[in-house]
Amino acid sequence: MDQPGLVVTGASGRMGQTLIRLAQGSDKLRLVACVERAGHPWIGRDVGEAMGGAPIGVKVTDDALEAFAKAQAVIDFTAPAATVEFAALAAQARAVHVIGTTGLEPQHLARIEAAARHATIIRAGNMSLGVNLLVRLTKKVAAALDADWDVEIVEAHHRMKVDAPSGTALMLGQAAAEGRGISLDDARVSGRDGITGARARGSIGFSAIRGGDIVGEHDVIFAGEGERVILRHVATDRAIFARGALRAAVWGQGRKPGQYDMTDVLGI
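Being a predicted model, the structure only gives us computed values, none of them experimental.

Reading the values: rules and limits
Residues numbered from 1 in each chain as written. Predicted model: local features only at pLDDT ≥ 70, side-chain atom pairs only at ≥ 80, totals over all residues. Heavy atoms only, no water. Pairing = 2+ DSSP bridges. Helix = DSSP H or I, 4+ residues; strand = E, 2+ residues; numbered from the N terminus. Axes fitted to C-alpha atoms, helices over the stretch in contact; angles between N-to-C directions. Contact = heavy atoms within 4.5 Å. Salt bridge = Lys/Arg side-chain N within 4 Å of Asp/Glu carboxyl O. Buried < 20%, exposed > 50% of the residue type's maximum accessible area, 1.4 Å probe, protein only. Parallel < 35°, antiparallel > 145°, perpendicular 65-115°, else oblique. Left-handed = near helix turned anticlockwise from the far one by under 90°. Nonpolar A, V, L, I, M, F, W, Y, C, P; charged D, E, K, R; others polar. Core = buried A, V, L, I, M, F, W, Y, C linked by side-chain atoms within 4.5 Å. UniProt positions renumbered as here; feature names shortened; annotations may be inferred. Polar contact = N/O pair within 3.5 Å; in protein donor to acceptor, adjacent residues only side chain to side chain. Expected span 1.5 Å × (residues − 1).

**Student:** Could you give an account of the sheet that holds strand E7 (residues 150–157), naming the residues involved and the relevant values?
**Tutor:** Here we have 5 strands laid out as an open sheet, ordered E8-E9-E7-E10-E11, and mixed in their pairing. Lying at the two open borders of the sheet, with one neighbouring strand each, are strand E8 (188–190) and strand E11 (227–235). Mean inter-strand twist for the sheet, computed between neighbouring axes without regard to direction, equals 20°. As paired elements, strand E10 (residues 216–224) and E11 share 9 bridges and run antiparallel to each other. Bridge pairing in E11 links Gly-224 to Glu-227. Against the sheet, helix H6 (residues 129–144) makes contact with E10 and E11, and its axis sits at roughly 165° relative to E11, the strand it touches most.

Written out as structure tokens, the structure is:
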């Protein structure tokens, strides 16, 4: 059986280039197209040359529908507005759509959900095995410790990240809320500044750090009287996210339409 054809969107970005390099060495997928926004200087160029290397026989295009039509999988780490458009096009092409885009708002999620009625979509705020294990652990610890234990999620990323809290931090916050049987929307506290007053019992706090080239660090702090439990994940190479996305693209082949996440892919 032929290897499934893969399209990488946002080809010039950090994750896009990492995905392209790893896909070139994959024995489970074959790179068939790369997509960038209209007017980007890479359009029409061989992506290998555009990345500063040898040509690989795959050109960068701004015609996503044409690219998707010859693929069985699309991996998408772009921006919310682009991702919802790609979701509709991937559904039209019947390609598995792996979404690593963060910063998605309810209106974006509604459009992705609509696309998932016709296509296989795998969406996760973080594609790494370690982070998804951390999510599971967070839910278990939150269920074991009552609201006398304050929950604070501290995340750090590189200076170029545009959204906060990170998608991973929100995954962790959701896990903590589910563990306690509460709504994250009701418990969430972000961006404290000034005279905020005492912390509300049962709240789930978020703190974001941006600087340098930090790939990704997440701490879930359970702070009680006289003791703390800290769960931590540190990413030192964004290739871990790309490997997870490639694994998801393979796993999604032949699956029924619907939304899945990395816990489905990893079987945890």
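**Student:** Please set out the pattern of salt bridges residue by residue, giving values where relevant.
**Tutor:** If charged atoms from side chains of opposite charge come close, those side chains can pair. Summed over the entire model, instances satisfying the criterion amount to 12 salt bridges. In this structure, Arg-199 engages Asp-150 in a salt bridge whose closest nitrogen and oxygen atoms are separated by 3.6 Å. Taken together, the residues Arg-199 in the loop between E8 and strand E9 (204–210) and Asp-150 in strand E7 connect sequence positions 49 residues apart. Overall, Arg-199 belongs to the partly exposed group, its relative accessible area being 33%. With a shortest N-O distance of 3.3 Å, Glu-217 and Arg-232 are connected by a salt bridge. In this pair, Glu-217 is assigned in strand E10 and Arg-232 in strand E11, connecting sequence segments 15 residues apart. On the basis of relative accessible area, Glu-217 is assigned to the partly exposed category, the value being 26%. The network of salt bridges with common partners includes Asp-150, Glu-152, Arg-192 and Arg-199.

**Student:** Run through the packing of helix H1 (residues 14–24) against helix H9 (residues 239–251), naming residues and quoting values.
**Tutor:** Following both chains from N to C, one finds H1 and H9 inclined at 60°, their axes separated by 9 Å at the closest point. Between H1 and H9, the interaxial angle falls into the category oblique. Two packed elements cross with a definite hand, and for H1 against H9 that hand is right-handed. For the pair formed by H1 and H9, the contact residues are Met-15, Thr-18, Leu-19, Leu-22 and Ala-23 on the first element and Ala-239, Phe-241, Ala-242, Arg-243, Ala-245 and Leu-246 on the second. Along the lines of polarity and charge, the residues of the contact of H1 with H9 split into 9 nonpolar, 1 polar and 1 charged.

**Student:** Help me get a handle on the nonpolar core, residues and values and all.
**Tutor:** Within the largest apolar cluster, 36 residues are counted, with the highest numbers of intra-cluster contacts made by Leu-6, Leu-19, Ile-20, Cys-34, Val-47, Ile-75 and Val-98. For this core, the elements supplying multiple residues, two or more each, are strand E1 (5–9), H1, strand E2 (30–35), helix H2 (47–50), strand E4 (73–76), strand E5 (96–99), H9 and helix H10 (262–266). Counting residues per element, this core draws most heavily on H9, which supplies 7 residues. What Cys-34 contacts, discounting residues up to four positions off in sequence, is Val-8, Ala-11, Ile-20, Val-47, Val-58, Lys-59, Val-60 and Thr-61. In terms of nonpolar packing, the next biggest core, distinct from the first, is built from 22 residues, Val-135, Leu-145, Trp-149 and Val-151 among them.

**Student:** Describe the UniProt feature "binding site: NADP(+)" (unreviewed entry) in the protein, and please don't skip the residues or the numbers.
**Tutor:** Per the UniProt record, the feature "binding site: NADP(+)" (unreviewed entry) sits at Arg-37. Here Arg-37 lies in the loop between E2 and H2. Here Arg-37 is in contact with Ile-43 and Asp-62, once residues within four sequence places are set aside.

**Student:** So what about the environment of Ser-12? Which residues, and what values?
**Tutor:** Tracing the backbone through its elements, the reader meets Ser-12 in the loop between E1 and H1. Along the primary structure Ser-12 and Arg-192 are separated by 180 residues, whereas in three dimensions their C-alpha atoms are 35 Å apart. Those residues in contact with Ser-12 that sit more than four places away from it in its chain are Gln-17, Glu-36, His-40 and Trp-42. In this structure the side chain of Ser-12 is engaged in a polar contact, spanning 3.1 Å, whose partner is the side chain of His-40.

**Student:** Account for H9, with residues named and values stated.
**Tutor:** Its 13 residues give H9 an end-to-end C-alpha distance of 18 Å, which sits within 8% of 18 Å, the value for a rise of 1.5 Å per residue. Turning to H9, its buried residues are Ala-239, Phe-241, Ala-242, Gly-244, Ala-245, Leu-246, Ala-248, Ala-249 and Trp-251.

**Student:** Quick rundown of the packing of helix H4 (residues 80–93) against helix H5 (residues 106–115)? Include the residues and the values.
**Tutor:** It is the contact of H4 with H5, at a shortest axis distance of 9 Å, that shows an interaxial angle of 10°. The orientation of H4 relative to H5 falls into the category roughly parallel. Residue-level inspection shows Pro-80, Ala-81, Thr-83, Val-84, Glu-85, Ala-87, Ala-88 and Ala-91 of H4 in contact with H5, the latter providing His-108, Arg-111, Ile-112 and Ala-115.

**Student:** How would you sum up the environment of Gln-259? Please name residues and give values.
**Tutor:** Tracing the chain through its elements places Gln-259 in strand E12 (residues 258–260). Note: C-alpha distance between Gln-259 and Thr-120 (139 residues apart in sequence) is 6.4 Å. When residues no more than four places from it in sequence are discounted, the contact partners of Gln-259 are Ile-112, Glu-113, Ala-116, Ile-121 and Arg-123. A polar atom in the side chain of Gln-259 sits 3.4 Å from the side chain of Arg-123.

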